[in-house]
Amino acid sequence: KQEVTQIPAALSVPEGENLVLNCSFTDSAIYNLQWFRQDPGKGLTSLLLIQSSQREQTSGRLNASLDKSSGRSTLYIAASQPGDSATYLCAVYSGANNLFFGTGTRLTVIP
Amino acid sequence: NAGVTQTPKFQVLKTGQSMTLQCAQDMNHNSMYWYRQDPGMGLRLIYYSASEGTTDKGEVPNGYNVSRLNKREFSLRLESAAPSQTSVYFCASSRGQGYEPQHFGDGTRLSIL
């Protein structure tokens, strides 16, 4: 069974700092990887989806990379803002309609 | 832009009671999903519907049933609620299976006493 790990579980940074969130998975046979954002009491918002054939995807201040062979993905957030405070989840799709989620990194950006 | 709408937002049940969680999407998506989110465990797939008229079990289906009423609506039923089913339940939808981004509702917070 696919295992997805996100470290650290929580992270606090001052506003304006660049930061990297990490995601690792045990089975490299994936079709794609998604990064989500979850605000307290809310659902998940899809940020970026990287297909297995891609190395990275960018959206605004966010850049996600994928190294399938080593089972790793990173989410880079440039010039962090207080509005970026949320929990960030990664999820891998390995087929059979099963999306495997990590437990998330709770980010706090301090003004 | 409603997206994925879940009702109710909160519910408290007693052990043994039954209830149905409702989900509707207005994006004309083919696939719909039910997840539960528990502290320290991440989201886990309960059931999914790849297209209208089909449903399949996910990772944790025991104690649940689903109905894909039409293309828009996908409901989750707890026939006899147990305390272990206390969780936050999320419905999601996507245009296709797996390869497309999933769009989530805001969740139903369910407590079973």
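Structure first, text after, so check above.
A.B. asks: I would appreciate a short explanation of the packing of aromatic side chains in the present structure.
C.D. replies: Enumeration over the complete set of coordinates arrives at nine aromatic pairs over all chains. Ring geometry for F36(A) versus F101(A): centroids 5.6 Å apart, planes at 35°, classification tilted. Taken together, the residues span a long stretch of sequence, with F36(A) in strand 4 (residues 32–38) and F101(A) in strand 10 (residues 99–101) at a distance of 65 residues. F101(A) carries the same exposure label as F36(A), and that label is buried. Aromatic side chains F101(A) and F104(B) sit 6.3 Å apart centroid to centroid with 85° between the ring planes, which places their arrangement in the edge-to-face category. Placement of the pair is F101(A) in strand 10 and F104(B) in strand 10 (residues 103–104), with the two residues belonging to separate chains. Of the two residues, F101(A) and F104(B), both sit in the buried class. Members of the aromatic cluster, connected to one another through ring pairs, are F36(A), F101(A), Y33(B), Y35(B), F90(B) and F104(B).

A.B. asks: Would you take a moment to explain the side chain of S80(A) for this structure?
C.D. replies: All names here are of chain A. With respect to the helices and strands, the residue S80 is situated in the loop between strand 8 (72–77) and strand 9 (86–93). Given the relative accessible area of 1%, S80 is considered buried. Discounting chain neighbours no more than four positions away, the residues touching S80 are V13, P14, E15, G16, E17, L19, R61 and V109.

Conventions used here
Residues numbered from 1 in each chain as written. Chains lettered and ligands numbered in written order. Predicted model: local features only at pLDDT ≥ 70, side-chain atom pairs only at ≥ 80, totals over all residues. Heavy atoms only, no water. Phe/Tyr/Trp six-rings, centres within 6.5 Å; stacked < 30°, edge-to-face > 60°. Helix = DSSP H or I, 4+ residues; strand = E, 2+ residues; numbered from the N terminus. Buried < 20%, exposed > 50% of the residue type's maximum accessible area, 1.4 Å probe, protein only. Contact = heavy atoms within 4.5 Å.

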